[in-house]
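Summary of the model geometry
Read off the chains here:
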Amino acid sequence: MGQSVQKRILLILTMLFLIQVSWAQNKDQTNEDPRYIIDPETGKLSMSIRIWGEVKTPGVKLVPSDADLISILSYVGGPSNMAKLDNIRILRFNDTEGEDRVIIANVEKFLETGDSKFIPKIYPNDTIIVKGTVWRILSTAIPYINLMVTLINGYYLYTKTTT
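Cut-offs applied
- Residue numbers restart at each chain and count upward from 1, following the sequence in its written direction.
- Note on the predicted model: pLDDT of at least 70 is required for a residue's local features to be given, and 80 or more for side-chain atom pairs to be given and counted; whole-chain, interface and lining totals, by contrast, use all residues.
- Water and hydrogen atoms were dropped before computing side-chain values, which therefore reflect all heavy atoms in the structure.
- For the purposes of this entry, the term helix denotes a DSSP run of H or I that reaches at least four residues, the term strand denotes a run of E that reaches at least two, and both are numbered from the N terminus.
- Take the number of residues in a helix, subtract one, and multiply by 1.5 Å to get its expected span.
- Bend angle per residue: angle between axes fitted to the 7 residues ending at that residue and the 7 residues starting there.
- Each residue gets a pLDDT score, which is the predictor's confidence in that residue and runs from 0 to 100.
- Here a residue-residue contact requires only that any non-hydrogen atoms of the pair lie within 4.5 Å.
- By nonpolar core is meant a set of buried Ala, Val, Leu, Ile, Met, Phe, Trp, Tyr and Cys residues that side-chain atoms within 4.5 Å join together.
- A 1.4 Å probe rolled over the protein chains alone gives each residue an accessible area, and that area as a share of the maximum for its type sets the label: buried under 20%, exposed over 50%, partly exposed in between.
- Here, a salt bridge means any side-chain nitrogen of Lys or Arg that lies within 4 Å of a carboxyl oxygen of Asp or Glu.
- Pairing between two strands is assigned when DSSP locates at least 2 bridges connecting them.

Description of helix α4 (residues 134–162)
For α4, built from 29 residues, the straight-helix expectation of 42 Å at 1.5 Å per residue is met to within 8% by its first-to-last C-alpha distance of 41 Å. Taking the largest bend as the criterion, α4 deviates by roughly 40°, centred on Ala 141, and proline Pro 143 comes between one and four positions later.

Brief notes about the confidence of the model for the protein chain
Of all residues in the protein chain, 86% attain a pLDDT of 70 or more, and the chain-wide mean is 82. Per-element mean pLDDT across the protein chain ranges from 67 in helix α1 (residues 3–27) up to 95 in strand β6 (residues 127–130). Confidence drops under pLDDT 50 across residues 25–34; counting only partners more than four residues distant or on other chains, this segment forms ten contacts.

So, the nonpolar core
The tendency in soluble globular proteins is for nonpolar side chains to be buried as a group. Ranked by internal contacts, the top residues of the largest apolar core, which has 22 residues, are Leu 69, Ile 88 and Ile 128. Put simply, the parts of the chain that give this core at least two residues each are β2 (45–53), α2 (69–75), β4 (88–91), β5 (102–105), α3 (107–113) and β6. Ignoring anything within four residues of it in the chain, the contact list for Ile 128 reads Ile 49, Arg 50, Ile 51, Trp 52, Leu 69, Ile 72, Ile 88, Arg 89, Ile 90 and Ile 122.

Here's the deal with the pattern of salt bridges
Following the criterion strictly, the structure yields two salt bridges and no others. Its salt-bridge partner being Arg 92, residue Asp 126 comes within 2.2 Å of it at the nearest N-O pair. Here Asp 126, found in the loop between α3 and β6, pairs with Arg 92, found in the loop between β4 and β5; they are 34 residues apart in sequence, far enough to count as distant. Per residue, the accessibility class of Asp 126 equals that of Arg 92, and both read buried. One salt bridge connects Asp 115 with Lys 117, and the closest N-O pair in it is separated by 4.0 Å.

Notes on the pairing of β6
Successive residues of a regular strand alternate their side chains across the two faces of the sheet. Along β6, one buried face is formed by Thr 127 and Ile 129 and the opposite face, lined by Ile 128 and Val 130, is buried too. With four bridges joining them, β2 and β6 adopt parallel strand pairing. Of the residues in β6, the one forming a bridge with Ile 51 is Ile 128. Relative to β6, β4 runs antiparallel, the two sharing three bridges. Bridging from a neighbouring strand, Leu 91 pairs with Thr 127 of β6.

Below is the structure:
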């Protein structure tokens, strides 16, 4: 075989090897894969979680693999003033032996007692939902209620002056 044929075969084999490595890496990054990943910024073992609701910066976060719920709340800037800390929901998307798909955490009780039994373990791909208090719901609805009362009052005054 000539040198140009050997170079072509070597080039093809190298390309096939690189494609196979790239394919294997991408395959492991799917949502069904509950594995931990290496954080490209810190080089530490990390996991991806989602946090929604009454926290300072909700969204998808890459957190250390040993992070607990309290640490994660700190990573996102803490709960807002309207957060309901006695009913934080954790949704598990990966099957965890012996645990429900929806877990309730009571951070308020933990803060009162310091007992870690109120703080469940967090796994990769968990979704943490921090609900708002009744005051949060009311504060959202008050401008609309105010507008409705103003419109009704205006209608009442209009009908009273036209009769």
